[in-house]
Amino acid sequence: MSSSTSSSTHAYVSDPAPGTNRSPARPALPSSAGQLSLDGEWRFRLADSLEDVTADLGDPGLDDSRWDVIEVPSCWQMLGRPDEPRYGAPAYTNIRYPFPVDPPFVPEENPTGEYRRTFEVPAAFLADGRCLIRFEGVDSAFAVWCNGERIGDGKGSRLPTEFDLTPVLRAGTNQLAVRVHQWSSGSYLEDQDMWWVSGIFRSVRLLHRPSGGIDDVFVHADFDHESGLGRLRVDAPAGARLTCQELGLDSVDPAGPYELAVEPWTAETPRLYSLTIANDVERVEVRTGFRTIRIDDGQLLVNGVPVLLQGVNRHEWDPVTGRTLSEETMRRDIELMKQHNINAVRTSHYPPDARFLDLCDEYGLWVIDECDVETHGFVMNGWRHNPSDDPAWRDAYLDRMQRMVERDKNHPSIVFWSLGNESDTGANLAAMSEWTRRRDPGRPIHYEGNRECDYVDVYSKMYDPIDFVERVALGIDPPTDDPANDARRRSLPYLLVEYAHAMGNGPGGLAEYQALFDSHRRLIGGFIWEWIDHGVVLRQQTGPNAGQTYYGYGGDFGEPLHDRNFIADGLVLPDRTPSPALADYAQVIAPVRIVVDAGIVEVRSRLAFADTSHLAFRYYISDDGIDVQAGDLAVPAVAPGATVRVPMPTIELPPARSERWIRVEAVLADKTTWAPAGHRLAFGETQLTDVPVPQRPISTLPPPPTRRDPGSADRPFSIGPAEFDTRGRLVRLSGHAVSLVPDLWRATIDNDMYAGGQAVPTVWEPLGLHRLRHRVSHLSVDGDQLFVIIRSAGAATDQLIDTSLVWTAEADRLRLQTRFDLVGPWAGTIPRLGLRLSVPAAWNELTWFGLGPHETYADTRSGAWTSRFRASVDELQTPYTRPQENGQRSLVRHLELAADGTPALRIDADSPISVTYRPWSTEALEAARHTADLVPDPDRNWLHLDWAQHGVGSAACGPGVLPTHALTTNQVANAGFTLTFHPLTN
Ligand code: IPT
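Quick caveat, the model's predicted, so the values are computed rather than measured.

> For the sheet that holds strand β28 (residues 366-370), give the residues involved together with the corresponding values.
Read across the open sheet, the eight strands follow the order β30-β29-β28-β27-β26-β33-β32-β31; overall the sheet is parallel. The strands lining the two open edges of the sheet, one partner per strand, are β30 (445-446) and β31 (459-462). In the sheet, β28 pairs with strand β29 (residues 414-418) via four bridges, with the strands oriented parallel. In the strand pairing of β29, Ile368 is matched with Phe416.

Right, dumping it as structure tokens:
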């Protein structure tokens, strides 16, 4: 392979070969052998290109005293953020390569970080054996010098690399230098949908390897569900002794195999045993779990039991440190996942920091460990020159798989090896699979790009719509291209390895997917795309919010090519605050389904291995949203998959005069490693009184008259507490300035924007729904009743909407009947239908009786329950990374606005409406690019009272809003609601 660079010293950068002079791949096991952390302060210098590098970087005599000092591990583009970024900026592209597609070459402008430090080698390390330097992750290619000697080079950013330093090390001070290139041939294999950031971003250690030490072990710990026995076999160097105190095992023959009475490992019951493998010179520890994974009869079986994966795709990201994560952050991710009933994680799209897998073993998560291979950008050129089928890249592919499997093979949590992501198909991927099968027959192989399923063990897809998934479940999906593969593929389980794109507000429709997964044995579940919004912390420089931090996305760093906020598509916001979607998902995948009906509480377990003895049950009875009785409910432990029915608690309450509800919650009986006692995992609720709760209110008004008197009042007038202008427009309520207009728009959510030509750009915007103009087309006063019709439309269209408003006074209250009629050739969907009021900003709290506590939309209601909730206007907002419609509360029967606790206005709805309350207008929300662009209006808050709003769906990547959750224009006939305003102050 010829060099792409000006100097042959850098030839390795553009050589597809994975590295030079590296030591064989292996795990770094906790060991009695010595090790020295090389994390911490290093001297650093950033060169813009290969021409600009330090000629004698490895020279111990080089004076680097004026170089910067940085902390390793780190991503250099993230250093100093948000206030003093020091070394370039992150850049975001999803699929496209940010450099010309000319494999294996990369541009001459190749930011190159030069790192130097010294270290003292402990004398014991030199007395015997070897010393390896181990890099856990360097992005993307690097070369290493020690004491002036070039040691070797490597690629494969998210994989460990070891070099043998023994020949060059000396007693006392040693000089280490590392040159890291942002771009290399390896970048072609690392085109994951994420920020391009570089550097020594995971830990570096010097490992003493005593001669005759235990370099590697492979623990095979199976569980035979029929005999109930574990079977243990350990590949270890000859002469090693295997012990497990807990199992009373002490043997000089680790290969066994040993049949042992054990408790199996599962994600629900993560039982680990500590094994020691030792000889005279070294002792290593492996925490193992006994479990057997099999693909059989279209199912994923663990210990003989079918497993349903309820997962998330997790990238490693921190808004301040980038792809360098602390152990605390890893724990936080796992604890949040466990708290929200998630049982599986796909390490999209590369092997994570090794500590993360230790934590998965410990807390209990099923893991798809994915190799660091993605060549997605080749799709832009019809997959021409894709490395996946090119023999020149075979070693690079195989090397990556081998390094992942060797590093991670001892983790009980890993249930699938994944070859990578979005790299089309080809012989190199097939070779990875073949090697892996031989090395580890104990785990099935996953790769979504092998549609023919001739080298994988699971039929894996992304973003398939519900009806396709159902066809697969029923076995009536289209055949493979090659008929020879069809029967095999039909025999495999089907997995949605990505679905429900959590970008911005959404995803909607989770319950419908889960209902399918729950009822068809061939469907083994799915993984939400994705866990976290990869925002980058920035600070607002100017304007009223100057100094406020916010999270940047693609394009915020002057990238010439970028993919905007497609990087912000997680269930948690960049700072790991759960978004409402996480609460929705938690209930959809809850460990128990609780149904209260006809005096019986039914608890159905969705667990596969554990019973429900870790759960306690509590009930709450509420009248009009206020708890009037609560207590414990004795529910016997429910066996996995079983159902138990217990009588409902006896209610000693007077007959209800308003809506009475019962909610039964399943909470943790005791604290666990991931949540405190009392943490809620599931709930079920039922209305006890038979007051109907219609989903779509019907107007009590007749259709507007066809002949109208435009009407006018000579002067402003009042009805009860309300004052109107001469055109019949509400201007004051109890002396407070208030306005009211019909509204059809919502600040565009990501799922509207990318809706495959269905929504905003092609339909809603041309209709001008975001710039309605209004005209009072009728005004009549009849005694103390005012009848107004407002005709609204966007410019240039004759698709109009008539909003009829009938105002009447009832003592000090004001009643408003509404009706909405679409006029003209309307079709398809609209974003929302309702009224928008402006009210004094001093009214800074909302109390509502309806669904809560978090926001809900037509297709994201699973995680919310019926009660009376209170929140400040700030708390009502969901700060999506790219601002967009958010914060709606659904099925609201009444609400109250208050100023610092003093009630101001109560509004009763005759039938449930949707309510949104915010300190800025929809226009301001729409215009904002980041959260720090949003400034509360000085004197106004905005109250949306909606008949309905369109669902949110998942169209940013995947299916749109399901018909049952859509707001279609043909539903609008007779639309309307009746409100009563009770001003509470003067
Ligand atoms: C899919 C990718 O696998 C994932 O990395 C991410 O980019 C996601 O899309 C969108 O956010 S691939 C796509 C072509 C379905």
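Back to the write-up after that little detour.
> Got a sec to walk through the domain arrangement of the protein chain? Specific residues and values, please.
When cut into domains, the protein chain gives domain 1 (7-209), domain 2 (218-291), domain 3 (295-533 + 569-583), domain 4 (591-687) and domain 5 (736-772 + 825-983). The distance between the C-alpha centroids of domain 1 and domain 5 comes to 50 Å.

> Break down the pattern of salt bridges for me, citing the residues and quoting the values.
According to the stated counting rule, one finds 74 salt bridges in the structure shown. Of the charged contacts, one joins Arg205 and Glu136 as a salt bridge, the two residues approaching to 2.7 Å between their closest N and O atoms. Of this pair, Arg205 sits in strand β15 (residues 204-209) while Glu136 sits in the loop between β7 (130-135) and β8 (138-139), placing them 69 residues apart in sequence. Judged by relative accessible area, which is 9%, Glu136 ranks as buried. Between Glu434 and Arg438 there is a salt bridge whose closest N-O contact spans 3.8 Å.

> Just give me the short version of the side chain of Asp743, but keep the residues and values in it.
Secondary-structure assignment places Asp743 in strand β47 (residues 739-743). Nearest to the buried, unbridged Asp743 among oppositely charged side chains is Arg836, at 4.3 Å. Within the structure, the side chain of Asp743 is placed 3.1 Å from the backbone nitrogen of Trp745, a separation counted as a polar contact. A distance of 3.4 Å separates a polar atom in the side chain of Asp743 from a polar atom in the side chain of His944.

> A description of the packing of aromatic side chains should follow, citing residues and the corresponding values.
All told, the structure shown has 33 aromatic pairs when counted by the stated rule. Seen from their ring centres, Trp42 and Tyr115 are 6.1 Å apart, and the 85° between their planes marks the pair as edge-to-face. With Trp42 in strand β3 (residues 40-47) and Tyr115 in strand β6 (residues 112-121), this pair connects stretches of sequence that are 73 residues apart. Assessed through its relative accessible area of 1%, Trp42 is described here as buried. In this structure Tyr115 comes out as buried when scored by relative accessible area, which is 0%.

> Provide a residue-level description of the sheet that holds strand β11 (residues 161-164), including the pertinent values.
One open sheet accounts for four strands, arranged β2-β15-β7-β11; its pairing is antiparallel. Two strands close off the open sheet at either side, each with one partner strand: β2 (35-37) and β11. Strand-to-strand twist in this sheet, taken as the mean axis angle between neighbours without regard to direction, amounts to 20°.

> I'd love a proper account of the site of the ligand, names of residues and values included.
Taken together, 14 residues sit near the ligand, with Asp193, His349, Asn421, Glu498 and His501 positioned nearest. Note that an oxygen atom of the ligand is positioned 2.7 Å from one of the side-chain N or O atoms of His501. One of the side-chain N or O atoms of Asp569 is found 3.1 Å from an oxygen atom in the ligand. In isolation the ligand has 390 Å² of accessible area, and contact with the protein removes 85% of it.

> Residues and numbers for the environment of Asp709, please.
If you trace the backbone, Asp709 turns up in the loop between β42 (680-687) and β43 (717-719). Judged by its relative accessible area of 46%, Asp709 is partly exposed. For the pair Asp709 and Thr803, spaced 94 residues apart in the sequence, the C-alpha separation amounts to 15 Å. With sequence-adjacent residues up to four places away left out, Asp709 is seen in contact with Ser777, His778 and Leu779.

> I'd like a description of the confidence of the model for the protein chain, backed by residues and values.
Overall, the prediction assigns the protein chain a mean pLDDT of 95, with 98% of residues at 70 or greater. Low confidence marks residues 1-7, where pLDDT is under 50. Its contacts with residues over four positions away, or in another chain, come to 14 contacts.

> Residue-level account of the packing of helix α2 (residues 327-339) against helix α3 (residues 354-363), with values.
The geometry of α2 relative to α3 is characterised by a closest axis approach of 10 Å and an angle of 35° between their N-to-C directions. Crossing geometry of α2 relative to α3 is assigned as right-handed. Contacts between α2 and α3 involve Glu327, Met330, Arg331, Ile334, Glu335 and Lys338 from the former and Arg355, Phe356, Leu359, Cys360, Glu362 and Tyr363 from the latter. Looking at the contact of α2 with α3 residue by residue, the class counts come to six nonpolar, no polar and six charged.

> Describe a negative patch on the surface, and please don't skip the residues or the numbers.
On the surface, a cluster of negative charge is contributed by Asp48, Glu51, Glu108 and Glu109. What makes Glu51 partly exposed here is its relative accessible area of 48%.

> Account for the pairing of strand β23 (residues 293-296), with residues named and values stated.
By the bridge criterion, four bridges tie β23 to strand β24 (residues 299-302) in an arrangement that is antiparallel. The residue of β24 that forms the bridge with Arg294 is Leu301. The antiparallel hairpin formed by β23 and β24 contains two residues in its connecting segment, where Asp297 sits at a positive phi of about 50°.

> Lay out the environment of Asp224 in plain terms, naming residues and giving numbers.
With respect to the helices and strands, Asp224 occurs in strand β16 (residues 218-224). For the pair Asp224 and Gly304, spaced 80 residues apart in sequence, the C-alpha to C-alpha distance is 8.1 Å.

Criteria and cut-off values
- Residues numbered from 1 in each chain as written.
- Predicted model: local features only at pLDDT ≥ 70, side-chain atom pairs only at ≥ 80, totals over all residues.
- Heavy atoms only, no water.
- Pairing = 2+ DSSP bridges.
- Helix = DSSP H or I, 4+ residues; strand = E, 2+ residues; numbered from the N terminus.
- Domains from an automatic or database assignment.
- Salt bridge = Lys/Arg side-chain N within 4 Å of Asp/Glu carboxyl O.
- Buried < 20%, exposed > 50% of the residue type's maximum accessible area, 1.4 Å probe, protein only.
- Lys, Arg positive; Asp, Glu negative; His and termini not counted.
- Polar contact = N/O pair within 3.5 Å; in protein donor to acceptor, adjacent residues only side chain to side chain.
- Phe/Tyr/Trp six-rings, centres within 6.5 Å; stacked < 30°, edge-to-face > 60°.
- Axes fitted to C-alpha atoms, helices over the stretch in contact; angles between N-to-C directions.
- Near = heavy atom within 4 Å.
- Areas by Shrake-Rupley, 256 points an atom, 1.4 Å probe, with all protein chains shown as cover.
- Contact = heavy atoms within 4.5 Å.
- pLDDT = per-residue confidence, 0-100.
- Left-handed = near helix turned anticlockwise from the far one by under 90°.
- Nonpolar A, V, L, I, M, F, W, Y, C, P; charged D, E, K, R; others polar.
- Patch = residues over 30% accessible without salt bridge, like charges linked within 9 Å, V, L, I, M, F, W, Y side chains within 5 Å.
- Charge placed at Lys NZ, Arg CZ, Asp CG, Glu CD.

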